[in-house]
Amino acid sequence: LPLLSETGRVDVPLVCTKRRCDVSASTNSLDFGGVTLGEVRSRTVRLCNAGVLEAPFTVEIVGGGTDGGTHGADAAAALSFTESGVVGAYGECAVVVTYAPKTEAPLDASLRVSFDGARVGGRASPPPPIDVALSGSGAPVAVTVDAGLVDFKTCVHGRLYRSEVAVRNASNCALRCRVMPHPALAGFVEFLPRMAFCQPKEKFVFRVKL
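Residues numbered from 1 in each chain as written. Predicted model: local features only at pLDDT ≥ 70, side-chain atom pairs only at ≥ 80, totals over all residues. Heavy atoms only, no water.

**Examining unusual backbone geometry**
In this structure, Pro193 follows Leu192 across a cis peptide bond, with omega equal to -10°. Considering the arrangement of structural elements, one finds Pro193 in the loop between β15 (190–192) and β16 (195–198). The backbone phi angle of Lys153 is positive, close to 55°, even though this residue is not glycine. Not every positive phi belongs to a glycine, and Lys201 is a case in point at roughly 60°. In this structure, Lys201 sits in the loop between β16 and β17 (203–209). (Helix = DSSP H or I, 4+ residues; strand = E, 2+ residues; numbered from the N terminus.)

Have a look at this one:
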């Protein structure tokens, strides 16, 4: 852009860029580690938009297929996540992924973030899809009991009956075990102690009084 001044002509350079959305992910992989069956664990990936246009997106599970792994429909059943959203201009958006394993199998899947070209403003092209690899595994329950039933057989009112419940810890660290009797048993059944630490690869015995 030429400008005239008392000292002569001055040329001012102008740089124009096309309006667009430029989205990247904070990470290309999420590792959930070992998650005990029946428990859940969450991880977060952040989508960052360095462009001037907002970017509507959808999320789905794709890929996988390793023999013996959790993939496809099984992975979709074990995972929950933010299914859609919008990354604002020069903004960020968090996608939270929660893993709740159903089996003792490794997780082998990817999270795909796709952008809707029809909803991106102007004539700008949508950003390419972003794939985030997901890894982890379902871990067996570390604490088990030797017997799933304590049978006192026939009991006579007014007499005291005793038994035991043996708890085993299959993990490599000490675990706190707490007995939570059903409210209907209050005043009839007593566990001693109510809480104990079961050492790694060891057994702890709770006493039961009826």
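Past the structure itself, the notes keep going.
**Focus: the state of the cysteines**
In total, this model carries 0 disulfides according to the counting rule given. Free cysteine Cys198: the closest other cysteine sulfur is in Cys177, separated by 5.1 Å. (Disulfide = S-S within 2.5 Å.)

**Topic: the pattern of salt bridges**
One pass over the full model with this rule turns up 6 salt bridges. Residue Asp146 pairs with Arg168 through a salt bridge whose shortest N-O separation is 2.7 Å. You can see Asp146 sitting in the loop between β12 (143–145) and β13 (162–169) and its partner Arg168 sitting in strand β13, a full 22 residues away along the chain. Among the residues examined, Asp146 registers a relative accessible area of 43% and is labelled partly exposed. One salt bridge connects Lys153 with Asp151, and the closest N-O pair in it is separated by 3.8 Å. (Salt bridge = Lys/Arg side-chain N within 4 Å of Asp/Glu carboxyl O. Buried < 20%, exposed > 50% of the residue type's maximum accessible area, 1.4 Å probe, protein only.)

**What about the sheet that holds β12?**
Read across the open sheet, the 4 strands follow the order β12-β13-β17-β15; overall the sheet is antiparallel. The two strands at the open ends of the sheet, each matched to only one other strand, are β12 and β15. Adjacent strand axes in the sheet meet at a mean angle of 30° when their direction is disregarded. Where β13 lies against β17, 7 bridges are found, and the strand directions are antiparallel. Paired with Val165 across the strands is Phe206, a residue of β17. (Pairing = 2+ DSSP bridges. Axes fitted to C-alpha atoms, helices over the stretch in contact; angles between N-to-C directions.)

**Considering the packing of aromatic side chains**
Summed over the entire model, instances satisfying the criterion amount to 2 aromatic pairs. Note on Phe32 and Tyr99: the rings are 5.3 Å apart at their centroids and 50° apart in plane angle, and the pair reads as tilted. Of this pair, Phe32 sits in strand β4 (residues 29–36) while Tyr99 sits in strand β9 (residues 92–99), and the two are 67 residues apart along the sequence. Classification of Phe32 by relative accessible area gives buried; the value is 0%. (Phe/Tyr/Trp six-rings, centres within 6.5 Å; stacked < 30°, edge-to-face > 60°.)

**Description of the environment of Cys198**
In this structure, Cys198 sits in strand β16. A relative accessible area of 1% places Cys198 in the buried class. For the pair formed by Cys198 and Val143, sequence separation is 55 residues and the distance between their alpha carbons is 8.9 Å. Not counting the four nearest positions on each side in its chain, Cys198 is found in contact with Val167, Arg168, Asn169, Cys173, Ala174, Leu175, Cys177, Lys203 and Phe204. (Contact = heavy atoms within 4.5 Å.)

Read these as layout, nothing more, since geometry by itself doesn't imply function.
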